[in-house]
Each structure stands twice: as structure tokens, then as C-alpha cells.
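As a plain string of letters, each chain reads:
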Amino acid sequence: MAFKSVGRIVATKGFLIMLRERVGFLRRGVEALKMKRDQLIKEAQGLLPEIRKREKAEARFVEAYEMLRMAFAAAGPGEAKKVALLSRPMKTKMRVRSVIGVEVPEVEVEALEVRTTPSMDAAVIAAARKLADAINEMIRVANVEAKFERIASNLAETMRKVNSLEKLVIPEHEEAIRYIEESLEEEGLEEFLRVKKYRVLKRGE
Amino acid sequence: MPSGRSTYVVVRAHGLGTHLIPEDRLRSWALIEDDSRLLSELANTEYGPFFDSPEDLRDPKAIERNSARVFGLRVRRIISLTSDPLRRLIRVYSARYDLENLRRIVYALMAGRKGEIEGAMLPLSGFLLDVGVLSKAEDLGELVQLVREAEVRSALESWRSSDGEDLSRLDVRLETAHGEMVNKAAAATGDARTEGVLREIVERRLLAIALKLHYEGRDVKGFSELFRGKIGGHALRAVFEAGDLEDAITRLSGLEEYKSAALLMLDSLKRVGEPWVMELALFRDAVGRTRRVASRYPLDKPYVLWYVVECEWEWTRFKTLLLGRVSGILGPELYDLLAAGRGK
């Protein structure tokens, strides 16, 4: 008989005890994985409203781009260069956080400074502010999306594990236990018959 | 009684004024999609010689450089025709571009980006300051020493000594110094109407600076002294007693003089959340006032000043038209922007 997940079967009492212990361990594992699955689902569901904000973030980008076009038309590239003289690169910090054992990346904007002065064209100031807002919003949404993506892939993996344990590994182990039990029972019966036959033969001597 | 020379300048201003592109014609170009067709329209204007091929109409740097050259040539032409004190007044008025370049030099020096100075300069300068010399300065101290114009130098020195090198204060100091210089030069003409024409424009530019202090979220109270006497009392109170930008614009909309510009700003603030049409609205308003004065005194100095202001206005709108096309603003939207000083 083939029990792929059990491996080579030895129909002994020792092996039977080991298999029973293993099944107990697998059942506890399934319970733990189910708890993890439920927790991951809860986490993922909690992120859904945040994920829906992506549309809003994209709309903000479109709005910022529109304003940028207006600023370019109203003030020209020279004014943009002037603003660029005062600009500093955006600073971000990235760290990895663990959510129920799932590692999720988190990007934090440390500095996104819009340095303006009153001599700058109002259209350019408006475009810079809108763009900075849109970038901030998009980074927030990107964080949530990355978290959701990792959780979702981990959730799929956990569900696969639960399914394979529940539908394949544990039933195969139980089948193997039954097989060994039957084998041992048969062996016991044979032994009993052999002993009985031996006694009859001995009495007839 | 106007002298023969000043009459000659006024007559020339009338003649030169005919080379300006009528507003509605320039606006109608927003609806031309074909570059070759627009180029052929430009061929009959003073911009024609500066735009050789349709590619020039798609190059933002060429647009900015060439349109500035036309404006510069026009102003220098009228300066060469005038004599002091009107010549001094026009030079001082146009020196705002020198001050803009000076400001960019200061920004670059403060940001430690001296190498970027040349690329960031306006292609228009040399009315009062030798910007070429100033751009060679290695630090702020040297820059101040190189500035020859007393008022500008004094503004820079005050900024360095008492403002902790705050760039917003530098802007305010330079703009108010320029306003004062224009007012002084206008007073020297001994003609109240001439004084009035540029005072309107200077006042509105300073008003934009004051409003943008609100926009930046600065505490404006500390700046009010710098504006006193340069912005009319009502407007000064409206801006400096207001709690925030919207409040300031709303208060301005209650003043007849600023109503139309303020309403335009309020409208963009409500629709887009930003008062991005500020300069456009205030400049448009000032140009309208200049036109009215010039039409009342068509044979006097205000007409010459009207020509300078009108050249500047046309330059602004011409740039907006071509850069708007480059940035992909649709024709009708660009038409609206040129018509009312506002877009989407």
C-alpha cells in the first residue's frame, strides 16, 4: 500500500504509537494553522478600506498633474528651475515588520519638504503642494498594498497547508494506522492459531 | 506742457503699440493645433524672426528664451527713446527681472548649488544690475558687496543682519525695495498720473507677495511693517488682519478695487483648493487699470508706461499660450485660461 505522506510503513506496535503521536501533532498543527488563517483573513479584511483609497490617491495624482501642467503654462520652466534650486530630495526609511509571522515592508516618508517663498508663482506653489500630497498619499496606499499582498500570499499558502493536511496527510496517516492495526490484529490471530495448533500437535504426541 | 521729445516718445509708443498682438487674436491661437499654421501666424508679428521652425514652438526653453528676448527688445527700444526721469522710471520698473535673477543667485548660493546659477537665470536682465558680475560671487557676503544699487544693497544687508537669512523675508525685502524704487522714480517725473499707473501694478505685486505669506502658512503680523506705505491702507488691513489666506482674499473681495481679482482667486480656491491664478488675476486687474489711465491721457507719459505694461502682459500670455500647448492643455481649456485668467 502507498501512503506517500507517511513514507515506508513498518507494521509494528512501535511504529503505530509513533504514527498516532504524529497524527495528534498534525491535528494540533491544523488547529494552529486555522487560527493563523482566520487571523490573516481578519487582517486582510481590515486593510480593504485602506486599499480602496488607491482610487483616491490616483485621482490626487491626476489632479496634481493637471496643476503641474497649468503651472508649467503659467510660470514656465524657468520658474520651475528656481523652485528646484531650493528643493531637497525626498527622504524615506524602510523597515520590515512582522504581522502574525508574515514579514511586511513599510516605507515611511521622513522628509518631503516643499520649500516655497512668496516670490514663487502661486501656480508653481500649488502644483508643488498638490504633488507632495499625492506622493504622501500614494506611499501610504503602497504600504497597505504591499502589506495586503504579503498577507494574501501567506494566506493562500496557509490555506493550502490546511487543506493538504486535512484532506491528504491526516487521512493517509489514519489509513496507515488502520492498516497497521489490522495487520497487527491479523498477526495476533495468526500467532494465536499457530500456538493453538502447536498445543494440539503436542498433545497428540 | 509736454516737451517735443516726450511727445515724440508718446507718438512712437502709439506706433509701437500697433505691433502688439490684440488679445482676442492671441487667444484664438489657442485653438490652432497645427504648429506650422501657428508659425505662419507668428511670422507677421515681432515674434516671427525668433521662431524659425515648428520645432521651436515645442521647445519650452526656446519659447521662454525667445519670448523674453522680444520683451527685452521692446523695453530697451522704448528706454532708448526716452530721457530721464521717464527713462529711469522704466528702467527701475523693468529691474524687477534683475532682482529676480539676484534672488535666484541668492537661492543657489544658499542651497550650495552655485553651478546651477546660469541655467536658472531669466534670459532678461541688465536694467539696473549687472547680473553677469553678480553671478560670479562665491558667497553672500561677496554678492552684497557687488550690488551697486543702494536700495537693493541695503535690502540685502538688512536681510542678512536682521532676518536670519529667511528666504521669505528676502523676497519681501527685495519686492518692497523695488516698490519703493519705482514709487520714487515715478515721483521724480512730477506727474501724478504717471505715478498712479505703476503704483497700481507695484501695489498688486506686493499684495500677491503678502497673500503668499498667508499661503505659506507664515505668521504675517511680523511682516506688516515692511509693507506699510506701499500697499493701500484698506488692502493692508484686509491682508494683515486676516487669519488665513481664504479670509484675506475674502476681505479683499469686499474692496471695490480688488474685487474682480479676489473673486477669481476665491473661485480657484474653491474649485481646485489652491489660489493658483493669483498673479494672473492681479496682473490682469492692474493691466485693465493701466489701460483706462492710458486711454484718458493718450498723448502723455502714461501712454508710454501703458506700452511697457502691455508688452509685459502680452509676453506673459504669449508664454502661457505656447507653454500650455507644449504641456498638453487642450485648446478650449487654454482659450479659457487666456480669456479669464483661469483654467480647469
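Residues numbered from 1 in each chain as written. Chains lettered and ligands numbered in written order. Predicted model: local features only at pLDDT ≥ 70, side-chain atom pairs only at ≥ 80, totals over all residues. Heavy atoms only, no water.

Chemist: Just checking my understanding: could you explain the overall build of chain B for this structure?
Modeler: Looking only at helices and strands, one finds 19 helices and zero strands in chain B. In summary, chain B has a C-alpha radius of gyration of 20 Å against a globular reference of 20 Å for 344 residues, a match within 12%. The principal-axis extents of the C-alpha atoms in chain B amount to approximately 55 × 50 × 45 Å. Taken across its 344 residues, chain B has 59% of its residues classed as buried. (Helix = DSSP H or I, 4+ residues; strand = E, 2+ residues; numbered from the N terminus. Rg over C-alpha atoms; globule rule 2.2 N^0.38 Å. Buried < 20%, exposed > 50% of the residue type's maximum accessible area, 1.4 Å probe, protein only.)

Chemist: It is not clear to me how the interface of chain B and chain A should be interpreted in this structure. Could you clarify?
Modeler: A common way to report how large an interface is uses the accessible area buried once the components associate. Taken together, the contact pairs 39 residues of chain B with 32 residues of chain A. Here chain B and chain A share an interface that buries about 3100 Å² over both sides, 62% of which is from carbon and sulfur atoms. With a shortest N-O distance of 3.3 Å, R104(B) and E79(A) are connected by a salt bridge. Linking chain B with chain A are 24 residue pairs in polar contact (both at pLDDT 80 or more), by the criterion used here. For the side of chain B that touches chain A, the elements supplying multiple residues, two or more each, are α4 (60-81), α6 (96-110), α7 (117-120), α11 (167-188), α12 (192-215), α17 (278-296), α18 (301-326) and α19 (331-340) of chain B. Classifying every residue of the side of chain B that touches chain A by side-chain character gives 17 nonpolar, seven polar and 15 charged. (Contact = heavy atoms within 4.5 Å. Buried area = accessible area lost by both parts, 1.4 Å probe. Salt bridge = Lys/Arg side-chain N within 4 Å of Asp/Glu carboxyl O. Polar contact = N/O pair within 3.5 Å; in protein donor to acceptor, adjacent residues only side chain to side chain. Nonpolar A, V, L, I, M, F, W, Y, C, P; charged D, E, K, R; others polar.)

Chemist: Explanation requested: the pattern of salt bridges in the structure shown.
Modeler: Two side chains carrying opposite charge are able to pair once their charged atoms lie near each other. Taken as a whole and assessed by the stated rule, the structure comprises 52 salt bridges over all chains. For R74(B), the salt bridge goes to E314(B), with nearest N and O atoms at 2.9 Å. Of this pair, R74(B) sits in helix α4 while E314(B) is found in helix α18, placing the two residues 240 residues apart along the sequence. Accessibility assignment for this pair places R74(B) and E314(B) in one class, buried. A salt bridge links R103(B) to E175(B); the shortest N-O distance between them is 3.0 Å. Within this pair, whereas R103(B) is found in helix α6, its partner E175(B) is found in helix α11, the two being separated by 72 residues in sequence. Like E175(B), R103(B) is buried. Within the structure, one salt-bridge network assembled from shared partners comprises E79(A), K82(A), E100(B), R103(B), R104(B), D171(B) and E175(B).

Chemist: Please explain the packing of aromatic side chains as it appears in this structure.
Modeler: How two aromatic rings sit relative to each other is set out by the distance from centre to centre and by the angle between their planes. Residues and elements named next belong to chain B. Counted by the stated rule, this structure contains eight aromatic pairs over all chains. Residues Y47 and F318 carry aromatic rings whose centres are separated by 3.8 Å and whose planes lie at 15° to one another, so their mutual orientation is stacked. With Y47 in the loop between α3 (35-42) and α4 and F318 in helix α18, the pair connects residues that are 271 residues apart, well separated along the chain. Taken individually, Y47 and F318 each receive the classification buried, so the pair is uniform in this respect. A centroid spacing of 6.0 Å and a plane angle of 65° characterise the contact between F51 and F318, whose relative ring orientation is edge-to-face. A residue pair is termed long-range when its members are at least 10 positions apart, and F51 in the loop between α3 and α4 and F318 in helix α18 qualify at 267 residues. Take F318: its relative accessible area is 0%, and that puts it in the buried class. Taken together, Y47, F51 and F318 form an aromatic cluster joined through their ring pairs. Over the ring of Y97 we find R96, and its NZ or CZ is 5.1 Å from the ring centre. One residue, K319, lies across the ring of W315, its end atom 4.5 Å from the ring centre. (Phe/Tyr/Trp six-rings, centres within 6.5 Å; stacked < 30°, edge-to-face > 60°. Lys NZ or Arg CZ within 6 Å of the ring centre and 35° of its normal.)

So far we have only geometry, and geometry alone does not tell us how the molecule works.
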